[in-house]
Amino acid sequence: MKKLLFHLDTDAQPSAFDQVVAYDGGADAVLAYGGVAADNCFPLVEGAIFTRAPKNKRYTAILIGGSDLAQAEALMETVKSQFFEGFRVSLMLDANGCNTTAAAAVAMLGAAHPLKGASATVLAGTGPVGQRAAVMLAQSGARVRLTSRKLDRAQQACEGISERYGVAVEPMAASDAAGTAAAIEGAAVVLATGQAGVQLLSAEIWQASSSLRAVGDVGTCPPLGVEGMDMTDGGREVDGISLFGGLAFGALKLRAHREAISRMFESNDQVWDAEETLALARELYD
Amino acid sequence: MKKLLFHLDTDAQPSAFDQVVAYDGGADAVLAYGGVAADNCFPLVEGAIFTRAPKNKRYTAILIGGSDLAQAEALMETVKSQFFEGFRVSLMLDANGCNTTAAAAVAMLGAAHPLKGASATVLAGTGPVGQRAAVMLAQSGARVRLTSRKLDRAQQACEGISERYGVAVEPMAASDAAGTAAAIEGAAVVLATGQAGVQLLSAEIWQASSSLRAVGDVGTCPPLGVEGMDMTDGGREVDGISLFGGLAFGALKLRAHREAISRMFESNDQVWDAEETLALARELYD
Amino acid sequence: MKKLLFHLDTDAQPSAFDQVVAYDGGADAVLAYGGVAADNCFPLVEGAIFTRAPKNKRYTAILIGGSDLAQAEALMETVKSQFFEGFRVSLMLDANGCNTTAAAAVAMLGAAHPLKGASATVLAGTGPVGQRAAVMLAQSGARVRLTSRKLDRAQQACEGISERYGVAVEPMAASDAAGTAAAIEGAAVVLATGQAGVQLLSAEIWQASSSLRAVGDVGTCPPLGVEGMDMTDGGREVDGISLFGGLAFGALKLRAHREAISRMFESNDQVWDAEETLALARELYD
């Protein structure tokens, strides 16, 4: 029986990245659909849950992707609402790689410095990866701040996180050096998740911090968000601070992504979101 | 040589259900195209008939799907018209599962009561499944009535059936209990093929019939079209009448669908429409 | 590790022909995208180059297709511009089969008569196949003329060829028998690449030529462009002239197309355009 991955993407063009990882994770075929939304996913879910006998439903799984996290979350809820009794398949949310990328980053930062009780800041954290990283840091016991250039965008993200995950994240505005310095004041862990080409944190600021123990940056396109960071850093120490760059995160992200795909085909009732993906990334990184 | 199924769907979103069944029927890869119509299918058919040597053409086949039966039939005719001499591949029409679902239903009802010479009624029969069921019942020697809430819709369906298959089906209006009672007057076999959630036949009416021997309902979403029916009924007898529900039909439908896909790859000149699909469903049900 | 072919097509409907050939050339799965252009290909290229370890990048390759050669060439340049250091995969341009078809024709004509120093004419050569054939003939050392019904269209094609490949091709208008006779005056090799159903060269004209040694016609739909040609001709001699028809070219084209796909997966740094494809067709024809 072939392992079939339904790749439901909220973007018009279904992600090629996710399809390659799906094959490398063990899928025999990928059914890739673009432009999937809550209002047109019903026949797709029917195709996933009504086509195979109960003992074979584990050979079908669904990945939800796309660049808009809110749309992807809404799609995931609608898909789940169509499941009933045994008529379900394993399901993974990874819009723009948000869960696998954030899980890799949080697993690596957390291995460098214990997160429980720590103060952590996610810089430029309103995107999919930043939001998921904030959730995972909070679920790991850290006190978390999330910044945006505009306070209302940070507030909106934190409210969404609170509603969906029941964890508190503090919104802060950080549009210049002073704002950023305030946002990382007392933080042991900082993760930059901003857009390519925008420097968020100068070397002067992070090297002056006495609290910092681990700094990460998910960027893979220079200039990076954290000055002095190298994309290949995988724990390089500078002034007692461990640095982690996007390519180091990326390697673990890919392993976690592939492994999550692989495990989805082991049973038909799994849900892969923030918590499950972080646990996997930690298992693989150890 | 890989078995390639061209899945040409008249809907914008090519059916995921049909793709899963294609893989389970033995296809190694599915080339799924949505929005296929008579005016854009030419390069697709060229891709099917011009790419492989004569002895290998049987490894390519075409399934025509979609929710609009008339569009699918027009597409099938256009595809056929592009075939010539050895330049053809096996072809199956199953718009919205019409042939495989109707074949499963007619095979099971016909096993419960001989169709030759019997009177049969298809309730709410203007959709793809209902139309094909009416054709198959008529081809099996039954006298067939087909109902719709509006007479002109029933007439239109029956005219289309007559033109395409050369069999007579009597159109009837049935918008209330009295109309339905009249439509099944004297019938030994009744099949309900209406939309989900609309009751077509009350228990009072069918239990009062002295002629009925087998009643089916293709619905898989309660409330069903036939009151007192259970979706899992696979011949349960009530007052001497055998009842058949949508999940029982569905299991045979899936077997027939997969097996038809599998057989298409045995030669390059098969055409699967109502008659061939019914014969297969009977073979599998015996 | 599965061999994945990214099929990036500039047409809305990605070519089914190319997908079948991709599977027959050894691809395990094809990621087919339609409507791909320079402005939306970035995430697709990222998916090709960032998903697999360096040693495994050879298991991903890209085919660029579509009916508009200029668009396909622009897309190819954009894709190439995203490659850097080891982050690249093998790449093939075959818009509308232009390179593989032209390569098959030029390989077969060149085997019948040496091209170096010869005079060659491509009739109705402004389309993808005609342009690529002119390039290949010129790269093989022939003096090449390319005709169109309108001189400016021929000039435009020749200028594009000169810019991209640095070879000179002489544009000529040929809209009637006299124009065509002048265009093949002194030519040893003639290839017709016009649209289906339009006769370009009468038997009277080509049989009257004392210079002609080999005549080809890529058409596979009668009436052919060269009167007296048979689609299956694979070197049939008439008055000392070797004739080659579209089905003979097509068989070699398919072999070259499949083999190029197969070879792309041997390393991650190949580029398949006119020159490489012609060399392969010659190797396979010998």
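Everything discussed here concerns the structure shown above.
Quick look at the structure, then. A quick note: this is a predicted structure, and the numbers were derived from the prediction, not measured.

Attention now moves to the packing of helix α4 (residues 98-112) of chain C against helix α5 (residues 128-139) of chain C. Residues and elements named next belong to chain C. Across the interface, α4 lies against α5 with an axial gap of 8 Å and an inter-helix angle of 50°. In terms of orientation, α4 and α5 fall into the oblique class. The chirality of how α4 crosses α5 is right-handed. For the pair α4 and α5, contact is made by C98, N99, T101, A102, A103 and V106 and by P128, V129, R132, A133, M136 and L137, respectively. Taken together, the residues of the contact of α4 with α5 break down into 9 nonpolar, 2 polar and 1 charged.

Per the counting criterion, the structure on display carries 12 aromatic pairs over all chains. Seen in terms of ring centroids, B:F84 and B:F87 are 4.7 Å apart; in terms of plane orientation they differ by 15°. Their pairing is stacked. Judged by its relative accessible area of 34%, B:F84 falls in the partly exposed class. Grouping aromatic residues by their ring pairs yields a cluster made of A:F50, A:F84 and A:F87.

To continue, consider the environment of A:T100. All names here are of chain A. With respect to the helices, strands and loops of the structure, T100 is situated in helix α4 (residues 98-112). On the basis of relative accessible area, T100 is assigned to the buried category, the value being 0%. When sequence neighbours within four positions are dropped, the list of residues in contact with T100 reads M92, D94, K253, A256, H257 and T277. Here the side chain of T100 touches G97 through a polar contact of 3.3 Å, landing on its backbone oxygen.

Our focus in this paragraph is the environment of B:R282. All names here are of chain B. Structurally, R282 is set in helix α10 (residues 274-285). For the pair formed by R282 and A104, sequence separation is 178 residues and the distance between their alpha carbons is 7.7 Å. Filtering out sequence-adjacent residues up to four positions away, R282 remains in contact with V106, A107, L115 and S140.

Okay, the side chain of B:T101 next. For B:T101, the location among the structural elements is in helix α4 (residues 98-112). Apart from residues lying up to four places away in sequence, B:T101 is in contact with B:V129, B:V218 and B:K253.

A separate point is the interface of chain A and chain B. The interface is formed by 15 residues belonging to chain A together with 14 residues belonging to chain B. Buried surface at the junction of chain A and chain B, both sides included, amounts to about 1,200 Å², of which 62% is carbon and sulfur. For chain A, the biggest contributors to the area lost against chain B are A:K2, A:Y33 and A:T51; these three give 43% of the whole. Here chain A and chain B share 1 salt bridge between them. The partner of A:R52 in a salt bridge is B:D24, with the nearest N and O atoms 2.7 Å apart. Our enumeration of links across chain A and chain B arrives at 7 residue pairs in polar contact (both at pLDDT 80 or more). The set of elements that each furnish at least two residues to the side of chain A that touches chain B consists of β1 (4-9), β2 (29-33) and α2 (42-49) of chain A. It is α2(A) that contributes the most residues to the side of chain A that touches chain B, 4 residues altogether. In terms of residue class, the side of chain A that touches chain B is built from 9 nonpolar, 3 polar and 3 charged.

Each copy superposes on the other: chain A lies on chain B with an RMSD of 0.0 Å after a rotation of 120° and an axial shift of 0.1 Å. On this basis, the relationship between the two copies can be described by a three-fold rotation axis. Closest approach to the rotation axis among the C-alpha atoms of chain A is made by A:A29, whose C-alpha sits 4.3 Å away.

Residues and elements named next belong to chain A. Strand order in the open sheet formed by 7 strands is β7-β6-β5-β8-β9-β11-β10, and the pairing between neighbours is mixed. Whereas interior strands pair on both sides, the edge strands pair on one side only; in this sheet they are β7 (169-173) and β10 (234-238). Geometrically, the sheet is characterised by an average inter-axis angle of 20° between neighbouring strands, direction not taken into account. Direction of pairing for strand β6 (residues 143-148) relative to β7: parallel, over a ladder of 5 bridges. Paired with L146 across the two strands is P171, which belongs to β7. Of the strands in this sheet, β5 (119-123), β6, β7 and β8 (189-192) touch helix α5 (residues 128-139), which is tilted by about 165° from β6.

Definitions and limits used
- Residues numbered from 1 in each chain as written.
- Chains lettered and ligands numbered in written order.
- Predicted model: local features only at pLDDT ≥ 70, side-chain atom pairs only at ≥ 80, totals over all residues.
- Heavy atoms only, no water.
- Axes fitted to C-alpha atoms, helices over the stretch in contact; angles between N-to-C directions.
- Helix = DSSP H or I, 4+ residues; strand = E, 2+ residues; numbered from the N terminus.
- Parallel < 35°, antiparallel > 145°, perpendicular 65-115°, else oblique.
- Left-handed = near helix turned anticlockwise from the far one by under 90°.
- Contact = heavy atoms within 4.5 Å.
- Nonpolar A, V, L, I, M, F, W, Y, C, P; charged D, E, K, R; others polar.
- Phe/Tyr/Trp six-rings, centres within 6.5 Å; stacked < 30°, edge-to-face > 60°.
- Buried < 20%, exposed > 50% of the residue type's maximum accessible area, 1.4 Å probe, protein only.
- Polar contact = N/O pair within 3.5 Å; in protein donor to acceptor, adjacent residues only side chain to side chain.
- Buried area = accessible area lost by both parts, 1.4 Å probe.
- Salt bridge = Lys/Arg side-chain N within 4 Å of Asp/Glu carboxyl O.
- Least-squares fit on C-alpha atoms with pLDDT ≥ 70 in both.
- Pairing = 2+ DSSP bridges.

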